[in-house]
Amino acid sequence: MSYTVKINEIHFINHDVLYIETEKPEGYTFKPGQATEVAINKSKWKEKKRPFTFTNLPEEEVLQFTIKTYPEHNGVTQKLGTLQNGDELIIGDSWGAIAYEGTGVFIAGGAGITPFLAIFKQLEQEGKISGNKLLFANKKEEDIIYAPELEALLEENFINILSDEKDTNYATGYIDKAFLNKHINTTTLKKFYVCGPPPMMESVINDLKKMGITEERIIQEAME
């Protein structure tokens, strides 16, 4: 089923990440971590659907999205960056495999952080955030979205690594087996939530399995 929703608020939160708040259709439901297909309600764009994750809580009276844009692609995300308050989006029903199943480590690459944002908000609301950890991989420090909020929420359990920036207080490189071994305890952290570009996910999941993490302990969903 499709729904047409009006944009209440839209702005960039950093150099290439867009925040969008829309109306919420009556009776619309989703779970933290889920996504929907989104299209722009304009000529030539209505059939160009892309998956984006809800980044607010289901009980709120609006829908919120945090979307990494790719202006050089001249595609949907570039067009989204030109929209204004009052423009309309077309969304579908909610779907998604990422859901909280217990204390663990969340491993995100770039835009792969988005399914985790609503989950963290829910855990904070329920008093269950303690014991969870986030490993967040980006290219540069300017790419780390919601850093102050995540640091306040997770404190020392918010760990960043940057691939394209060496003059930084953060670790440099990629989330590989050495980095995983340094930052996670495979016995106390029962679940491993992984979301990011497919090559990054494949590499991380292979490393987790080499460390003895079984398939049923890994919750995954690829982001484009």
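All of these numbers come straight from a predicted model, not from anything done at the bench.

Section: the sheet that holds strand E1 (residues 3-12)
Right, so step 1: As summarised here, the arrangement of the six strands in space is E4-E3-E6-E1-E2-E5, forming an open sheet in which the pairing is antiparallel. The strands lining the two open edges of the sheet, one partner per strand, are strand E4 (50-53) and strand E5 (62-68). Put simply, the sheet's adjacent strands are angled 40 degrees from each other on average, direction ignored.
Right, so step 2: Here E1 runs beside strand E6 (residues 88-91); their pairing, made up of four bridges, is antiparallel. Along E6, the bridge assignment pairs tyrosine 3 with isoleucine 91.

Comments concerning the packing of aromatic side chains
Right, so step 1: Counting across every chain of the model gives 10 aromatic pairs.
Right, so step 2: Taking the centre distance of 4.9 Å and the plane angle of 70 degrees together, the rings of phenylalanine 106 and phenylalanine 120 count as edge-to-face. Of this pair, phenylalanine 106 sits in strand E7 (residues 104-109) while phenylalanine 120 sits in helix H2 (residues 114-126), and the two are 14 residues apart along the sequence. Across the pair, exposure class does not vary: phenylalanine 106 and phenylalanine 120 are buried alike.
Right, so step 3: Relative to phenylalanine 120, the ring of phenylalanine 116 lies with its centre 6.4 Å away and its plane at 50 degrees, an arrangement referred to as tilted. Of this pair, phenylalanine 116 and phenylalanine 120 both sit in helix H2, separated by four residues, roughly a single helical turn. Neither residue differs from the other here; phenylalanine 116 and phenylalanine 120 are each classed as buried.

Some thoughts on the packing of H2 against helix H3 (residues 147-154)
Right, so step 1: With their axes 11 Å apart at the nearest point, H2 and H3 run at an angle of 40 degrees to one another. Classed by the angle they form, the pair H2 and H3 counts as oblique. When you trace H2 past H3, the crossing you get is left-handed. Of the residues in H3, those in contact with Leu117, Phe120 and Glu124 of H2 are Leu150, Leu153 and Leu154.

Examining the pattern of salt bridges
Close approach of charged atoms allows side chains of opposite charge to pair.
Right, so step 1: If you walk through the whole model with that rule in mind, you get five salt bridges.
Right, so step 2: With a shortest N-O distance of 3.6 Å, lysine 42 and aspartate 87 are connected by a salt bridge. Here lysine 42 is found in the loop between strand E3 (35-40) and E4, whereas its partner aspartate 87 is found in the loop between helix H1 (76-80) and E6, with 45 residues between them in sequence.
Right, so step 3: For lysine 42, a relative accessible area of 30% corresponds to the partly exposed category.

Section: the layout of surface pockets
Right, so step 1: In this structure, the largest pocket encloses a volume near 990 Å³.
Right, so step 2: What lines the largest pocket is a set of 41 residues, among which Lys68, Tyr70, Gly110, Ala111 and Pro197 lie closest to the centre.
Right, so step 3: Of all the secondary-structure elements, those providing two or more residues to the lining of the largest pocket are E4, E5, H1, strand E8 (133-138) and helix H5 (198-210).
Right, so step 4: Tallied by class, the residues present in the lining of the largest pocket amount to 18 nonpolar, 15 polar and eight charged.
Right, so step 5: In this model, the second largest pocket occupies a volume close to 220 Å³.
Right, so step 6: As for the second largest pocket, its lining consists of Tyr19, Thr55, Gln64, Thr66, Leu117, Phe120, Lys121, Glu124, Tyr146, Glu149, Leu150 and Leu153.

Quick notes on the environment of threonine 168
Right, so step 1: Position of threonine 168 relative to the elements: it lies in the loop between strand E9 (158-162) and strand E10 (171-172).
Right, so step 2: For threonine 168, a relative accessible area of 17% corresponds to the buried category.
Right, so step 3: Spatially, the C-alpha atom of threonine 168 lies 7.8 Å from that of glutamate 141, the residues being 27 residues apart in sequence.
Right, so step 4: The residues contacting threonine 168, other than those within four sequence positions of it, are Glu141 and Leu162.
Right, so step 5: From its side chain, threonine 168 meets the backbone nitrogen of tyrosine 170 in a polar contact 3.1 Å long.

Focus on the pairing of E8
Right, so step 1: Summarising burial for E8: six of the six residues are buried, a large majority.
Right, so step 2: With five bridges connecting them, E7 and E8 associate as parallel partners. Note that in E8 the partner of phenylalanine 106 across the bridge is leucine 134.
Right, so step 3: With H2 bridging E7 and the parallel E8, this β-α-β connection has right-handed handedness.
Right, so step 4: Judged from the five bridges that link them, E8 and E9 form a sheet pairing that is parallel. The residue of E9 that forms the bridge with phenylalanine 136 is asparagine 160.
Right, so step 5: Handedness of the β-α-β unit built from E8, H3 and E9 comes out right-handed.

Definitions and cut-offs
- Residues numbered from 1 in each chain as written.
- Predicted model: local features only at pLDDT ≥ 70, side-chain atom pairs only at ≥ 80, totals over all residues.
- Heavy atoms only, no water.
- Pairing = 2+ DSSP bridges.
- Helix = DSSP H or I, 4+ residues; strand = E, 2+ residues; numbered from the N terminus.
- Axes fitted to C-alpha atoms, helices over the stretch in contact; angles between N-to-C directions.
- Phe/Tyr/Trp six-rings, centres within 6.5 Å; stacked < 30°, edge-to-face > 60°.
- Buried < 20%, exposed > 50% of the residue type's maximum accessible area, 1.4 Å probe, protein only.
- Parallel < 35°, antiparallel > 145°, perpendicular 65-115°, else oblique.
- Left-handed = near helix turned anticlockwise from the far one by under 90°.
- Contact = heavy atoms within 4.5 Å.
- Salt bridge = Lys/Arg side-chain N within 4 Å of Asp/Glu carboxyl O.
- 1 Å grid on protein atoms, 1.4 Å probe; cavity = no way out; pocket = protein on both sides within 12 Å on 5 of 7 lines; lining within 4 Å.
- Points joined across faces, edges and corners; volume = space filled by probe spheres on them.
- Nonpolar A, V, L, I, M, F, W, Y, C, P; charged D, E, K, R; others polar.
- Polar contact = N/O pair within 3.5 Å; in protein donor to acceptor, adjacent residues only side chain to side chain.
- Right-handed = clockwise from strand over helix to strand, strands pointing away.

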